[in-house]
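An overview of the molecular structure
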Amino acid sequence: MRSTISAQFATGKLPLWSPNQAPTVVCCVCVGIAGIEQDNVTVDTPMLGGGFGRRGEVEFSVHATLIAMQADGQPVKVIWTHEEDMTHDTYRPAAMARFKALSAEGLHQPLDGVIATRL
């Protein structure tokens, strides 16, 4: 698995092809970086196939935007390996969860869950 982001900054427009779960956030952040109007940024979100991991973060789109701004109108493609992707992750607090479920005669029953953020 790897993250692939493409961007092109030409004639005051910035199209981004970015796997993400927050295209509005990607757009707003990249608008500020590029110094252009929001109408001039388009975010194309490819099918994620689950979107596991960091697709709520936007720094890889920022990275591609910054490179595209220096590429004289040429499209750029930034590829992060899985290892690079996880190294740049935004870490969250440790948590532990305990779940219980019962099945009576093959029928699903309510799930009881407790999540503790203090271990």
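Reference entry: report on the structure contained in this document.

Here is what the cut-offs are and how they apply
Residues numbered from 1 in each chain as written. Predicted model: local features only at pLDDT ≥ 70, side-chain atom pairs only at ≥ 80, totals over all residues. Heavy atoms only, no water. Phe/Tyr/Trp six-rings, centres within 6.5 Å; stacked < 30°, edge-to-face > 60°. Helix = DSSP H or I, 4+ residues; strand = E, 2+ residues; numbered from the N terminus. Buried < 20%, exposed > 50% of the residue type's maximum accessible area, 1.4 Å probe, protein only. Disulfide = S-S within 2.5 Å. Pairing = 2+ DSSP bridges. Axes fitted to C-alpha atoms, helices over the stretch in contact; angles between N-to-C directions. Contact = heavy atoms within 4.5 Å.

**Brief notes about the packing of aromatic side chains**
Using the criterion set out here, one finds 1 aromatic pair in the structure. Measuring from ring centre to ring centre gives 6.4 Å for Phe60 and Trp80, while their planes differ by 75 degrees; the resulting arrangement is edge-to-face. With Phe60 in helix H2 (residues 59-68) and Trp80 in strand E4 (residues 76-80), the pair connects residues that are 20 residues apart, well separated along the chain. Judged by relative accessible area, Phe60 falls into the buried class, the value being 1%. On the basis of relative accessibility, which here comes to 8%, the residue Trp80 falls in the buried class.

**Describing the state of the cysteines**
Inspection of every chain in the model, using the stated rule, returns 0 disulfides. Left without a disulfide partner, Cys27 is nearest to the cysteine sulfur of Cys28, which lies 5.5 Å away.

**Brief notes about the sheet that holds strand E3 (residues 41-44)**
Reading across the sheet, the 4 strands line up as E3-E2-E1-E4 and stay open at both edges, with mixed pairing between neighbours. Two strands in the sheet have a free side with no partner beyond their single neighbour: E3 and E4. Each strand axis lies, on average, 15 degrees off the axis of its neighbour in the sheet, ignoring direction. Pairing geometry for strand E1 (residues 3-7) and strand E2 (residues 14-17), over 2 bridges, is antiparallel. When the bridges of E2 are listed, Ser6 appears paired with Trp17. The strands touched by H2 within the sheet are E1, E2 and E4, with E4 carrying the most contacts at an inclination of about 145 degrees.

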